[in-house]
Amino acid sequence: NHITTLGLLVGLAAAWLFSLGDRDAANWAAALFVLAAFLDHVDGELARLAGKTSRFGHYYDHIVSGITYTAGFIGIGIGMSGGVLGWWAIPLGIVAGISITLVMSVRLGTEIKHGKESIRQRNFAGFQAEDVLYVVGPVTWLGGMMPFLVAAGVGAPLFLIWVIWRSATASSLANREQP
């Protein structure tokens with residue numbers, strides 16, 4: 001839980017730096033965002049290795065991830081609102097961040113209702129869908145945040161629709177299997 005809290009603080013710092021709209025601040029923000037994503041993935045693994053998992057920790061991790069990613073994308077949107085996208089950057093950031101959080105929430109609900117196997121996704125070349133968050137760093141450093149924000153603002157809601165459909169499919173399959 002300490003690592004999760006550290007990830008929250010790092011992620012909120014990233015969001016704030018992104019919101020400044022300054023290239024140097026965005027570069028630092030990207031590094032912090034990637035660090036927050038890494039901490040989000042490491043905290044649970046370390047808890048399992050140390051035998052210190054808890055129901056609270058599992059839910060706390062999901063809540064913190066949602067806050068971190070939503071704040072990060074909103075910060076990106078605010079910071080980019082002075083550029084080519086204008087005020088459209090802010091709703092794109094909000095939609096992307098909230099969609100990512102809702103994806104995680106729907107998946108958590110499906111896991112609670114139907115078990116961990118119900119949310120297992122295939123890896124692509126060893127990567128999971130959520131690993132796309134790690135590209136925020138290189139995309140920022142290479143100057144590609146504008147198309148990335150547009151892609152996230154459109155792609156994250158589409159992915160959310162797919163996750164909702166998968167969750168409904170898991171529910172209907174579970175209902176058919178019950179006597």
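None of these values were measured; they are calculated from a predicted model.

1. Details of the pattern of salt bridges
Taken as a whole, this structure holds one salt bridge when the rule is applied. Among the salt bridges present, the one from R48 reaches E45, with a minimum N-O distance of 2.9 Å. Remark: E45 and R48 occur in helix α2 (residues 23-50); sequence separation between them is three residues, near one turn of the helix. Taking relative accessible area as the criterion, R48 reaches 51% and is therefore assigned exposed. Accessibility expressed as a relative area gives 44% for E45, which makes it partly exposed.

2. Here we look at the packing of aromatic side chains
Tallied over the entire structure, the rule returns seven aromatic pairs. For the ring pair F56 and Y60, a centre distance of 5.4 Å and an interplane angle of 10° mean the geometry is stacked. One end of the pair, F56, and the other, Y60, are both in helix α3 (residues 55-80), four residues apart, so they sit about a helical turn from each other. Among the aromatic residues, those joined into a ring-pair cluster are F18, F33, Y69, F73 and F148.

3. Section: α2
Taking 1.5 Å of rise per residue, 28 residues should cover 40 Å, and α2 covers 40 Å from first to last C-alpha, within 8% of that figure. Of all bends in α2, the biggest is about 25°, found at V42. The inward-facing, buried residues of α2 abut α1 (2-19), α3 and α5 (136-141). Where α2 starts, the residue carrying a side-chain oxygen 3.2 Å from the main-chain nitrogen of D24 turns out to be D22. Just downstream of α2 lies G51, where phi reads positive at about 70°.

4. Section: the confidence of the model for the protein
Mean pLDDT over the protein works out to 89, with 88% of the residues at or above the 70 mark. The least confident element of the protein, judged by mean pLDDT, is helix α6 (residues 145-177) at 85; the most confident is α1 at 96.

5. What about the environment of G21?
If you trace the backbone, G21 turns up in the loop between α1 and α2. Sequence spacing of G21 and G79 is 58 residues, and the spatial spacing of their C-alpha atoms is 3.7 Å.

6. As for helix α4 (residues 89-114)
Across its 26 residues, α4 extends 37 Å between first and last C-alpha, which sits within 8% of the 38 Å expected from 1.5 Å per residue. Phi for G115, located one or two positions after α4, is positive at around 95°.

7. Some details on the packing of α1 against α2
Relative to each other, α1 and α2 sit at 160°, their axes nearing to 8 Å. The orientation of α1 relative to α2 falls into the category roughly antiparallel. Considering the relative orientation of α1 and α2, their crossing is left-handed. Only A25, A26, W28, A29, A30, L32, F33, L35, A36, L39, D43 and L46 of α2 make contact with α1, whose side of the interface consists of I3, T4, L6, G7, V10, G11, A13, A14, L17 and F18. The class makeup of the residues in the contact of α1 with α2 is 18 nonpolar, three polar and one charged.

8. Points about the nonpolar core
Among the nonpolar cores identified, the biggest contains 27 residues, and F18, F33, Y69, F73, I76, I100 and L149 are the most heavily contacted of them. Mapped onto this core, the elements with two or more residues apiece are α1, α2, α3, α4, α5 and α6. With six residues, the single largest contributor to this core is α2. Non-local contacts of Y69, meaning those with residues more than four positions away in its chain, are made with F33, A37, D40, G97, I100, M104 and L133.

9. Looking at the packing of α3 against α4
Contact geometry for α3 and α4: axes closest at 6 Å, N-to-C directions at 165°. As the angle between them shows, α3 and α4 are arranged roughly antiparallel. The crossing of α3 and α4 is right-handed. Taken together, the residues of the contact of α3 with α4 break down into 15 nonpolar, nine polar and one charged.

Criteria and cut-off values
- Residues numbered from 1 in each chain as written.
- Predicted model: local features only at pLDDT ≥ 70, side-chain atom pairs only at ≥ 80, totals over all residues.
- Heavy atoms only, no water.
- Salt bridge = Lys/Arg side-chain N within 4 Å of Asp/Glu carboxyl O.
- Helix = DSSP H or I, 4+ residues; strand = E, 2+ residues; numbered from the N terminus.
- Buried < 20%, exposed > 50% of the residue type's maximum accessible area, 1.4 Å probe, protein only.
- Phe/Tyr/Trp six-rings, centres within 6.5 Å; stacked < 30°, edge-to-face > 60°.
- Expected span 1.5 Å × (residues − 1).
- Bend = angle between axes of the 7 residues up to and from the residue.
- Contact = heavy atoms within 4.5 Å.
- Polar contact = N/O pair within 3.5 Å; in protein donor to acceptor, adjacent residues only side chain to side chain.
- pLDDT = per-residue confidence, 0-100.
- Axes fitted to C-alpha atoms, helices over the stretch in contact; angles between N-to-C directions.
- Parallel < 35°, antiparallel > 145°, perpendicular 65-115°, else oblique.
- Left-handed = near helix turned anticlockwise from the far one by under 90°.
- Nonpolar A, V, L, I, M, F, W, Y, C, P; charged D, E, K, R; others polar.
- Core = buried A, V, L, I, M, F, W, Y, C linked by side-chain atoms within 4.5 Å.

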